[in-house]
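Architecture and fold: a report
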Amino acid sequence: MPRSSPPAQPPASCAVPAEPVRFDGGRGLAVSAEVAVEAPVSIVYGNLPYAVMMATPSDLEDFVAGFSLTEGIVTGIDEIRGIAVQPQPDGIVATVDLAPGRFREHLARRRNLSGRTSCGLCGVETLSELPMARAGARDGQPIARSAIHAALASLERHQPLNRLTHAVHAAVWCDATGAVLAAREDVGRHNALDKLIGARLRAGHDASSGFVLVTSRASFEMVEKAAIFGAGTLVSISAPTSLAIERAKRLGLNLVCVARDDGCIVFAGALAPELETQAR
């Protein structure tokens, strides 16, 4: 994909005045608190608006690339010819230049989304429109528990915005040893994962080895996005939903959740067999 427009994006955080209050009736001195910026991002394909997403205005080219893949607008990064990000007085417009054939196919789709950051299903009109990655074994191999432990140990170092604001999610890509190779943050957990996927795609990397680690719960949309990218394993800090487990099993995705310093829970698939044997 050709290099997109130079980022002219608002800051990801800003300082605001705040007044601490103690429950014992005391009051602290007024402070300046750093908060995460949440801005409306209008995603436009050609000259047709597609969705308005509430997102942290950082790494927006990555976000739009990943969103385009996981939404099914494109099947690969080569179908995006460019992304132009333009701040406006009331938000940000990200215009995507699709390859001609792909744009014609996009025009044939009927979809109308509006401002989603949570369930990820606004605009879906029938149950048959629920997103579904292709079933079948993923390219990635099961990972070792030591890799998960290593990734968790270094996770905080890759969350500078969250250290500053305590208000954003992270999605990171780790190699088979648990080393973090890429990380993205956003107020929306879906957005953080789309940013990560977009970053890997734009850098020319695939999901043939390694795994995704997210700081949120594992919902079915997170499973779908990871599977569409081709990841073999999704690890989440929080718990999964029932549909996430069902989809992970159907898609052949290893789903590891409630990942903590002292362990994790495998809900679908398995960890590396040799370590499972040792654990028994």
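Residues numbered from 1 in each chain as written. Predicted model: local features only at pLDDT ≥ 70, side-chain atom pairs only at ≥ 80, totals over all residues. Heavy atoms only, no water.

**What to know about the packing of helix α5 (residues 189–202) against helix α6 (residues 220–229)**
Packed helices, taken two at a time, are described by their axes: the angle between them and the distance between them. Threshold: Whenever a helix is involved, its axis is fitted only over the stretch in contact; in every case the axis is a line through C-alpha atoms, and angles between N-to-C directions fall within 0 to 180 degrees. Where helices and strands are cited, they refer to DSSP runs of H or I of at least four residues and of E of at least two residues respectively, numbered from the N terminus. Any angle that is under 35 degrees is reported as roughly parallel, and any over 145 degrees as roughly antiparallel; angles of 65 to 115 degrees are reported as roughly perpendicular and all others as oblique. Here, two residues are considered to be in contact whenever any of their heavy atoms come within 4.5 Å of each other. Residues were grouped as follows: Ala, Val, Leu, Ile, Met, Phe, Trp, Tyr, Cys and Pro as nonpolar; Asp, Glu, Lys and Arg as charged; and all remaining residues, including Gly, as polar.
For the pair α5 and α6, interaxial distance at closest approach is 10 Å and the crossing angle is 5°. The angle between α5 and α6 falls in the class roughly parallel. Along the contact surface, α5 presents Arg 189, His 190, Leu 193, Asp 194, Ile 197, Arg 200 and Leu 201, while α6 presents Glu 221, Met 222, Lys 225, Ala 226 and Phe 229. Taken together, the residues of the contact of α5 with α6 break down into six nonpolar, one polar and five charged.

**A look at α6**
Filter applied, for reference: Buried means the residue's accessible area, taken with a 1.4 Å probe over protein chains only, is under 20% of the maximum for its type, while exposed means over 50%, and partly exposed covers the values in between.
Counting buried positions over the 10 residues of α6 gives nine, a clear majority of the element. After α6 finishes, the residue Gly 230 shows a positive phi value of roughly 105°.

**A short note on the sheet that holds strand β7 (residues 169–174)**
The cut-off we apply is this: Pairs of strands are assigned from DSSP output, requiring at least two bridges between the strands.
Read across the sheet, six strands follow the order β8-β7-β9-β10-β11-β12 without closing on themselves; strand pairing throughout is mixed. Looking along the sheet, the strands with just one partner apiece sit at the ends: β8 (180–186) and β12 (263–268). Across the sheet, the mean angle separating the axes of adjacent strands is 20° when strand polarity is ignored. With four bridges connecting them, strand β11 (residues 254–260) and β12 associate as antiparallel partners. Within the sheet, the bridge partner assigned to Arg 260 lies in β12 and is Gly 263. Each of β7, β9 (211–214), β10 (233–236) and β11 is contacted by α6, which is oriented at about 145° to β10, the strand it contacts most.

**Points about the packing of helix α1 (residues 60–70) against α5**
Taken N-terminus to C-terminus, the directions of α1 and α5 make an angle of 95°; their axes are 6 Å apart at the nearest point. Taken together, α1 and α5 sit at an angle that is classed as roughly perpendicular. Side by side, α1 and α5 meet where Glu 61, Asp 62, Phe 63, Ala 65, Gly 66, Phe 67, Leu 69 and Thr 70 of the first sit next to Asn 191, Asp 194, Lys 195, Ile 197, Gly 198, Ala 199, Leu 201 and Arg 202 of the second. Across the contact of α1 with α5, the residue classes tally to seven nonpolar, four polar and five charged.

The values reported here are purely geometric and, on their own, carry no functional implication.
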